[in-house]
Amino acid sequence: MERTIMSEFVAWKEKAGRKPLVLKGARQVGKTWALKEFGRRCFAKTAYISFFRNQRMKAVFDGDYDISRIIMNINIECKLEVTPHDTLIIFDEIQECPRALEALKYFCEDAGEYAVAAAGSLLGLALHSGISFPVGKVDTMSMHPLSFREFLMAMGENQLASLLVGGADSVLNDFHDTYVYWLKNYMYVGGMPAVVQFFSEHKDYGEVRRMQNQILSDYEDDFGKHIPKEQLPRVRLVWNSIPMQLAKENKKFFFGKIKEGARSKEFEEAIELLKDCGLIVKVNKVSKPAVPLKTYTDFTAFKLFFVDVGLLGAHSGLDASSILDGNELFVEFKGALTEQYVLQQIVSDTAYTPYYYASEKATYELDFLVQKNGRILPVEVKAGENLRSKSLSVFHEKYRNDLSVRFSLARACAQDYLVALPLYAVVRL
C-alpha cells in the first residue's frame, strides 16, 4: 500500500546537511514496512538491524562509538557491504539499545555521508524512563495510521484520493455518495495497516473487528511489560475512560469521570505515558484564540483521543451493522467518532497542530483551532444533519475572523466567511 510519508523520506534523503532520522509512532502503524520500502525504492542496498532480542548487535554498541568499527559489524550482521550514499541503514526497536540511540550523535558528527534511519514503537517510553536522546543531532518524523486518503488508495481508489487534494469542489460533489460510502467503511475499519490490508482483500467486517481487538490486547500487554507497576492501574483507568469521555457533550477530559474523587495530579503521568506510547493524542485548550496559539496553551484543560478511529470503535463495542444504518454512524457517541476522525486527519494529513477553544462562561466551544498562514482558523465538526454553526457565528461576531471551516456530511460550498467542507476532505484544511 502507498504511504504519503514516503515523499517526506525522499525529501530527507536529498536534504543538504541531513542528520540521522528518528521515526516515531505507535506499534503496528507501519514504521518498519515504510522504512524497508523506502530502502527498496531509493537505495541500492538496505542494512536492517532490529535490536529486539538481538544481544549480538547490542554488544556492538557497548564499546566505543567508532563508526568504522560499527559499520564493519553491520556488514557482518547483514551480510552486505555498507557503502556511503547508496545504503540505507535501519536501526529498528532502537529503544532496546540506548547506546545505539546515543550513537546517532556520532553518525551525525563524524559520518554524515551515511543514511541512517531509526525507529522504535516504545521509544517515547524509553525516553520517559531516562534514556538520553541526541537532541539537535537527529531529524525526527512521526508516523500515524493510514489517513482516509491513504485508505482510498489502499482500496484501489487512486483517482478519488487524488481529487481530494487537487479536484474542484464541483467534482468532489459529483462523487459525494461514493466518498461517503468509503468514509463509512473507514470509520469502522480505521487506519491500522494490517487491518486495512486485510479489509482490502476480504471485506470481512467480523474479522476486521477481531484484528482490532487483538491490537488493543497487544497494546494492553505492552502496558504490563513496559509501564512502571505503580502507574499501571492509572494508565488502564485513563485508557478505558477515553471512549466515555468523548461521548460527553463537553469532551473536555474530566478526571472525576475516571473514578470518584480522582485528582489531576494522580493521573498526569499516566496520560503522558500513553502519549509517549503514541496511543493517544492530547489536544490542549487555548486561553485566547490568538497568534501564536502555542503561547496561549492552557495545560489544565484538554481533550484526549485515540490513535485510530477504528480502534476507538472496537474499544467502544461499535457493531458493524452501524455502517448500514444511514448516517447514524457519524452521530454515534454524540459525534465522538466523527470528532476522532477529523482530529486523526488533521494530525496525519495536514501540517497543523490542533487546539480547541471554549468561552470563559462555556457558552460555546470550537472543536478545533489551527494556526494557518499567520492567522487563526476555527474548525467546527458536525456529525448530524443540523448544520447551524452557532459557535462559529458567535466566534465571528466577537473576533471578526475572515475565515472559518465547518466539516459535515454536506457537500462543499462557501458562505460568506464560512467554508463548508465535507468530512471526507479534511486534507483540504
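The structure this text deals with has already been given above.
Residues numbered from 1 in each chain as written. Predicted model: local features only at pLDDT ≥ 70, side-chain atom pairs only at ≥ 80, totals over all residues. Heavy atoms only, no water.

## Focus: the pairing of strand 10 (residues 375-381)
Then comes step 1: For strand 10, the buried fraction is high: 6 of the 7 residues fall into the buried class.
Then comes step 2: In the sheet, strand 9 (residues 365-372) pairs with strand 10 via 5 bridges, with the strands oriented antiparallel. Following the sheet pairing, Leu369 is matched in strand 10 by Pro378.
Then comes step 3: The pairing of strand 10 with strand 11 (residues 404-408) spans 3 bridges and is parallel. Bridge assignment links Val379 to a residue of strand 11, and that residue is Val405. (Buried < 20%, exposed > 50% of the residue type's maximum accessible area, 1.4 Å probe, protein only. Helix = DSSP H or I, 4+ residues; strand = E, 2+ residues; numbered from the N terminus. Pairing = 2+ DSSP bridges.)

## Looking at the sheet that holds strand 2 (residues 45-50)
Then comes step 1: The strand order across the open sheet formed by 5 strands is 2-3-4-1-5, and the pairing between neighbours is parallel. Since the sheet does not close on itself, it has two edges, and those belong to strand 2 and strand 5 (139-142), each with one partner. Across the sheet, the mean angle from the axis of one strand to that of its neighbour is 20°, orientation sign disregarded.
Then comes step 2: Examined bridge by bridge, strand 1 (residues 21-24) and strand 5 share 4 bridges and lie parallel to one another. Note that in strand 5 the partner of Lys24 across the bridge is Ser142. (Axes fitted to C-alpha atoms, helices over the stretch in contact; angles between N-to-C directions.)

## Some thoughts on the nonpolar core
Then comes step 1: Membership of the largest hydrophobic core comes to 107 residues, with the highest contact counts inside it found for Phe9, Phe148 and Tyr341.
Then comes step 2: Ala100, Ala103, Leu104 and Phe107 belong to the second largest nonpolar core, which has 31 residues in total. (Core = buried A, V, L, I, M, F, W, Y, C linked by side-chain atoms within 4.5 Å.)

## Examining the pairing of strand 11
Then comes step 1: Burial runs high along strand 11: 5 of the 5 residues are buried.
Then comes step 2: Direction of pairing for strand 11 relative to strand 13 (residues 418-422): parallel, over a ladder of 5 bridges. Across the sheet, Val405 pairs through a bridge with Val419, a residue of strand 13.

## Regarding the packing of helix 11 (residues 193-202) against helix 12 (residues 205-226)
Then comes step 1: Running from N to C, helix 11 and helix 12 point in directions that differ by 170°, and their axes come no closer than 10 Å. By the angle class used here, helix 11 and helix 12 are roughly antiparallel. The residues of helix 12 that touch helix 11, namely those facing Ala194, Val195, Phe198 and Phe199, are Tyr205, Glu207, Val208, Met211, Gln212 and Ile215. (Parallel < 35°, antiparallel > 145°, perpendicular 65-115°, else oblique. Contact = heavy atoms within 4.5 Å.)

## Re the packing of aromatic side chains
Then comes step 1: In total, this model carries 29 aromatic pairs according to the counting rule given.
Then comes step 2: A ring pair is formed by Phe51 and Phe91, whose centres lie 5.6 Å apart and whose planes are at 50°; its orientation type is tilted. Of this pair, Phe51 sits in the loop between strand 2 and helix 3 (55-60) while Phe91 sits in strand 3 (residues 87-92); the two residues are 40 residues apart in sequence, bridging distant segments of the chain.
Then comes step 3: In this structure Phe51 comes out as buried when scored by relative accessible area, which is 0%.
Then comes step 4: For the pair Phe255 and Phe302, a centre-to-centre distance of 6.0 Å together with 80° between the ring planes defines the contact as edge-to-face. Of the two residues, Phe255 is situated in the loop between helix 13 (232-246) and helix 14 (264-276) and Phe302 in strand 7 (residues 297-306); the sequence distance between them amounts to 47 residues. Phe302 carries the same exposure label as Phe255, and that label is buried.
Then comes step 5: The rings of Phe148, Phe151, Tyr181, Trp182, Tyr186, Tyr188, Phe199, Tyr205 and Tyr341 are connected pair by pair, giving a single aromatic cluster.
Then comes step 6: Against the face of Tyr48 rests Lys36, its NZ or CZ located 4.0 Å from the ring centre.
Then comes step 7: The positively charged end of Arg209 is found above the aromatic ring belonging to Tyr188, 4.0 Å away from the centroid. (Phe/Tyr/Trp six-rings, centres within 6.5 Å; stacked < 30°, edge-to-face > 60°. Lys NZ or Arg CZ within 6 Å of the ring centre and 35° of its normal.)

## Points about the packing of helix 15 (residues 309-316) against helix 16 (residues 332-349)
Each pair of packed helices can be described by the angle between their axes along with the distance between the axes.
Then comes step 1: Interaxial distance between helix 15 and helix 16 falls to 9 Å at its minimum, and their mutual angle equals 155°. The orientation of helix 15 with respect to helix 16, classified from their angle, is roughly antiparallel. Viewed along their axes, helix 15 and helix 16 form a crossing whose handedness is right-handed. Between helix 15, through Val309, Leu312, Gly313 and Ser316, and helix 16, the contact on the second element is made entirely by Phe333, Ala336, Leu337, Gln340, Tyr341 and Gln344.
Then comes step 2: Grouping the amino acids of the contact of helix 15 with helix 16 by side-chain chemistry returns 6 nonpolar, 4 polar and no charged. (Left-handed = near helix turned anticlockwise from the far one by under 90°. Nonpolar A, V, L, I, M, F, W, Y, C, P; charged D, E, K, R; others polar.)

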